[in-house]
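# Working through the structure, step by step
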Amino acid sequence: MEEMVGRWWHQAITKVTRLDHPAAAVQLQDMQKCIGIFFRAAGGLPALRFTPASMQAVGGQRHWLQKLAGSGQRADTAQLEPDVLALPATLAVFDDVQLNRDLYLWLAMLSACFVHRGDWVNDNLMASQTALTQFPGFVTRYQALLLAHLAQRPDPAHLHGIAAQTEAAVQAALMGQGNAGHACQPQDVAAVWLWLSTSATATENRPASHKSAEARQQPAALKDQQRRRTQATSHEQSRNPMVLPFRAEALMSWSEMVHVNRSTDDDEDGNALNAANDMDKLSVAPDGQTLASRVKFDLDLPSSSADDTPVGPGIALPEWDYRRAVLQPDHCLVQVMQAQHCAPFTPSAALRLTAKRLRRRLETLRDAPRAVHGQDSGNDVDLDAWVRFHADQLDTATPYSDTPPVYTRRARLDRSLATLLLADLSLSTDAFATANARVIDVIRDALFVFGEALHAAGDPFAIWGFSSVRRQHVRMQHIKTFDECWSDASRARVGAIKPGYYTRMGAAIRHATLQLAHRPERKRLLMLLTDGKPNDLDVYEGRYGLEDTRQAVREAHAAGLIPFCVTIDEKAHDYLPMLFGQNGYAMVRHPQDLVRQLTQAWATLSRR
């Protein structure tokens, strides 16, 4: 009964003290595409990710009801970090929906122009001036935002001492008058929704050995999607980890770093999640163990008798280092591998039926007439050709034609198309995609149906898998090359694929580009099938892996290829547009639909 009354009281008093406007709320997920466009147009870094902001401490004067409710001390203001732009998940600061939308756009432009120099007020002031100079058409909207925000801020005349001076300096800076040399931090004043706060992330200061494979090391005890800011903390490893420190001179809170090694078999603290939510920053410190010692048992390469058979010598390929803007020559070693002693692959009856249906569909597409553009006669108008013709006619030097090539007609033509399918076989594919099937099982079915369908279409194709263990061992799994026929041996190699190791995606794309670059076909498709981001044990993690993959895709475009990615990663929208472009990928929301959607993506690309 006491807990029920306590919850009711907390909800009631919190609702009374709310200062936002839920009726005019705007969601980050609805504005993310527009934010990305504004951010890139302002010159923002392509690899920067957009995520929901975490709650941070703010200052300012509070009403007595807020003090009673314990609210008004934290706000999810915008935060700019080296690789992340964290924006409020919901903006309801103003009572006008349009103002809240404009605030998202303003924060995107401001972050693209922001240069961190250590002075929070002046940094935001200079970034605001730069953004308004680059986007003069946004000045009117910014003025509306500024007036609405200044109306919400406390009056410095009603404050005292340092609080009055700090608030006056912030309001003067908001109006473009400078801060008169008064330094302050975000936690010293009420939330400034038009500005950004910055900090260095823990990942920037950690050794490379502690950065990789963290996503696979997370415990399953607490599953929480809330994002939190971290800070790096280092301390010397104690030789007596079971000796507890005793500090009689001070009482510590849970937010202080305590040099105690907590045993792994201790019971989980049921209040840990609530404590983390009350902390501004989480301290992250190395535990004294190297990554190799944690993953040695699982990821050491098997013996030569148990491993797949290497085929030929390794191929040295370059890798892009975005930090130095240098393409490092011969940085990776790619080794072609082939499964040995493959058992015949026996697909299920349902899979055979799916393959039969898709095979018939592609046979129909192969024989169907295709649109031929830029013709002097036809049934439809070619809009692109008409625009080009009309633009040419504006030039008086261009001769006039009575039969302009501005029509489209359908005709049966010989198709010149080559396709290479690259499948991610990393250890993450060992996870379950559905209640009854792992990701690797879904990929295996998709490769089988894809091979059956393209064999019926009659176009040349190749299928490869890939994984990696650092840059000196990038494994390319041979399934079918362009010179081989789709046969029982190819199907057996599809059935023999297994998950393992990591995902050095850039090297795999470069290897596939080398094969497609020598094909004589007019159109060459490079299709990538994956379930997550590029990563490996060394520095190939985070932005480094994304930038190298992006550079490899650029090289494929420069070679005349058409790269396209099919993924089952639910968070693919956060990074795939930067790698492949807005129209260069397809996200499969239900893994069981991968078999059908992979072939559908190929059919759509082949008709372009």
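If you're wondering where the values come from, they're calculated on a predicted model, not measured in any experiment.

Scanning the protein chain for helices and strands turns up 18 helices and 22 strands. Burial analysis of the protein chain (608 residues in total) assigns 44% to the buried set. For the protein chain, restricting intrachain contacts to residue pairs at least 6 apart in sequence, the fraction spanning at least 24 positions comes to 73%. Counting only carbon and sulfur atoms, one obtains 53% of the accessible surface of the protein chain, whose full area is about 32400 Å².

Now for empty space enclosed by the protein. A full pass over the atoms with the stated rule returns two cavities of 30 Å³ or more. In this structure, the second largest cavity spans a volume of roughly 30 Å³. Taken together, Ala 339, Gln 477, His 478, Ile 479, Arg 493, Ala 496 and Ile 497 form the lining of the second largest cavity. Ranked by residue count, the leading element in the lining of the second largest cavity is strand 19 (residues 474-480), at three residues.

This part covers the layout of surface pockets. Here the second largest pocket defines a volume of roughly 1400 Å³. As for the second largest pocket, its lining consists of 37 residues, and the residues nearest its centre are Leu 19, Gln 66, Gly 72, Arg 74 and Ala 75. Of all the secondary structure elements, the ones that give two or more residues to the lining of the second largest pocket are helix 1 (2-16), helix 3 (64-69), strand 4 (74-75), strand 7 (90-91) and helix 6 (139-152). With three residues, helix 3 is the single largest residue contributor to the lining of the second largest pocket.

Below, the discussion takes up the pairing of strand 6 (residues 84-87). Where burial is concerned, the two faces of strand 6 agree: the one with Val 84 and Ala 86 and the one with Leu 85 and Leu 87 are both buried. Across four bridges, strand 2 (residues 49-52) lies against strand 6 in parallel orientation. The partner of Pro 52 across the bridge, within strand 6, is Leu 87. As defined by bridge partners, strand 5 (residues 79-80) adjoins strand 6 across two bridges and the pair is classed as antiparallel. Considered in strand 6, the bridge of Leu 80 is made with Leu 85. Following strand 5, the chain reverses through three residues before pairing antiparallel with strand 6.

Applying the stated criterion across every chain, the model contains eight aromatic pairs. When the centroid spacing of 6.0 Å and the interplanar angle of 50 degrees are considered together, the rings of Phe 461 and Trp 486 count as tilted. Placement of the pair is Phe 461 in strand 18 (residues 461-468) and Trp 486 in the loop between strand 19 and helix 14 (488-495), with a sequence separation of 25 residues. There is no split in this pair, since Phe 461 and Trp 486 are both buried. Here the guanidinium or amino end of Arg 519 rests over the ring plane of Phe 482, the centre of that ring lying 4.5 Å away.

It is worth spelling out the pairing of strand 20 (residues 523-530) at this point. The buried fraction of strand 20 amounts to eight of the eight residues, a majority that puts the element mostly inside the structure. Every second residue of strand 20 is oriented toward a common face, with Lys 523, Leu 525, Met 527 and Leu 529 on one face and Arg 524, Leu 526, Leu 528 and Thr 530 on the other, all of them buried. Judged from the seven bridges that link them, strand 17 (residues 417-424) and strand 20 form a sheet pairing that is parallel. Bridging across to strand 20, Leu 417 finds its partner in Lys 523. Handedness of the crossover joining strand 20 and strand 21 (residues 562-567) through helix 16 (residues 543-558): right-handed.

The subject of this paragraph is the packing of helix 2 (residues 28-41) against helix 4 (residues 97-113). Between helix 2 and helix 4, the least distance of the axes is 9 Å, while the angle of their chain directions is 40 degrees. In terms of their interaxial angle, helix 2 and helix 4 are classed as oblique. The interaxial crossing formed by helix 2 with helix 4 has right-handed handedness. Seen from helix 2, the contacting residues are Leu 28, Met 31, Cys 34, Ile 35, Phe 38 and Phe 39; seen from helix 4, they are Arg 101, Tyr 104, Leu 105, Ala 108, Met 109, Ser 111 and Ala 112.

So, about unusual backbone geometry. If you check the backbone angles, His 341 has positive phi at about 60 degrees while not being a glycine. With relative accessibility at 77%, the residue His 341 sits in the exposed group.

Two elements in contact, helix 4 and helix 5 (residues 120-134), have axes separated by 8 Å at closest approach and are oriented at 110 degrees. Taken together, the axis directions place helix 4 and helix 5 in an arrangement best described as roughly perpendicular. Along its contact with helix 4, which presents Trp 106, Met 109, Leu 110 and Cys 113, the element helix 5 presents Asn 124, Ala 127, Ser 128, Thr 130, Ala 131, Leu 132 and Gln 134. When the residues that make up the contact of helix 4 with helix 5 are grouped by side-chain class, the tally is seven nonpolar, four polar and no charged.

Turning our eyes to something else, we now look at the sheet that holds strand 2. Read across the sheet, four strands follow the order 2-6-5-8 without closing on themselves; strand pairing throughout is mixed. The open sheet has two edge strands with one neighbour each: strand 2 and strand 8 (197-198). Set on the sheet, helix 2 makes contact with strand 2 and strand 6; between it and strand 2 the angle comes to about 150 degrees.

This part covers the confidence of the model for the protein chain. Overall, the predicted model of the protein chain reaches an average pLDDT of 80, with 79% of residues at or above 70. Segment residues 201-222: pLDDT under 50, and 34 contacts once partners within four positions in sequence are set aside and those in other chains are kept. Across residues 290-299 the pLDDT falls below 50, and counting only partners more than four positions away or on other chains, this stretch makes 12 contacts in the model.

Bringing the nonpolar core into the picture now. Leu 103, Trp 106, Leu 194 and Trp 195 are the most contacted members of the largest nonpolar core, which totals 51 residues. Mapped onto this core, the elements with two or more residues apiece are helix 2, strand 6, helix 4, helix 5, helix 6 and helix 7 (161-174). With 11 residues, helix 4 is the largest single contributor of residues to this core. Among all residues touching Leu 194, those that are not within four sequence positions of it are Leu 103, Trp 106, Leu 107, Leu 110, Tyr 142, Leu 145, Leu 146, His 149 and Leu 174. In this structure, Ala 437, Phe 448, Leu 529 and Leu 598 belong to the second largest nonpolar core, which totals 41 residues.

So, about helix 16. Here helix 16 contains 16 residues, and its C-alpha end-to-end distance of 22 Å stays within 8% of the 22 Å for a straight helix at 1.5 Å per residue. Here helix 16 has its buried residues at Arg 543, Tyr 544, Gly 545, Leu 546, Glu 547, Asp 548, Thr 549, Arg 550, Gln 551, Ala 552, Val 553 and Ala 556. The inward-facing, buried residues of helix 16 abut strand 12 (315-321), strand 13 (326-338), helix 15 (505-517), strand 21 and helix 17 (576-580). One or two residues past the end of helix 16 sits Gly 560, with phi positive at roughly 90 degrees.

With that settled, the discussion passes to helix 15. Compared with an ideal rise of 1.5 Å per residue, which puts 13 residues at 18 Å, helix 15 spans 18 Å between its outermost C-alpha atoms and is within 8% of the ideal. Counted residue by residue, helix 15 has 11 buried out of 13 residues, so it is predominantly covered. Among the residues of helix 15, those classed as buried are Met 505, Gly 506, Ala 507, Ala 508, Ile 509, Arg 510, His 511, Ala 512, Thr 513, Gln 515 and Leu 516.

Reading the values: the criteria
Residues numbered from 1 in each chain as written. Predicted model: local features only at pLDDT ≥ 70, side-chain atom pairs only at ≥ 80, totals over all residues. Heavy atoms only, no water. Helix = DSSP H or I, 4+ residues; strand = E, 2+ residues; numbered from the N terminus. Buried < 20%, exposed > 50% of the residue type's maximum accessible area, 1.4 Å probe, protein only. Contact = heavy atoms within 4.5 Å. Areas by Shrake-Rupley, 256 points an atom, 1.4 Å probe, with all protein chains shown as cover. 1 Å grid on protein atoms, 1.4 Å probe; cavity = no way out; pocket = protein on both sides within 12 Å on 5 of 7 lines; lining within 4 Å. Points joined across faces, edges and corners; volume = space filled by probe spheres on them. Pairing = 2+ DSSP bridges. Phe/Tyr/Trp six-rings, centres within 6.5 Å; stacked < 30°, edge-to-face > 60°. Lys NZ or Arg CZ within 6 Å of the ring centre and 35° of its normal. Right-handed = clockwise from strand over helix to strand, strands pointing away. Axes fitted to C-alpha atoms, helices over the stretch in contact; angles between N-to-C directions. Parallel < 35°, antiparallel > 145°, perpendicular 65-115°, else oblique. Left-handed = near helix turned anticlockwise from the far one by under 90°. Nonpolar A, V, L, I, M, F, W, Y, C, P; charged D, E, K, R; others polar. pLDDT = per-residue confidence, 0-100. Core = buried A, V, L, I, M, F, W, Y, C linked by side-chain atoms within 4.5 Å. Expected span 1.5 Å × (residues − 1).

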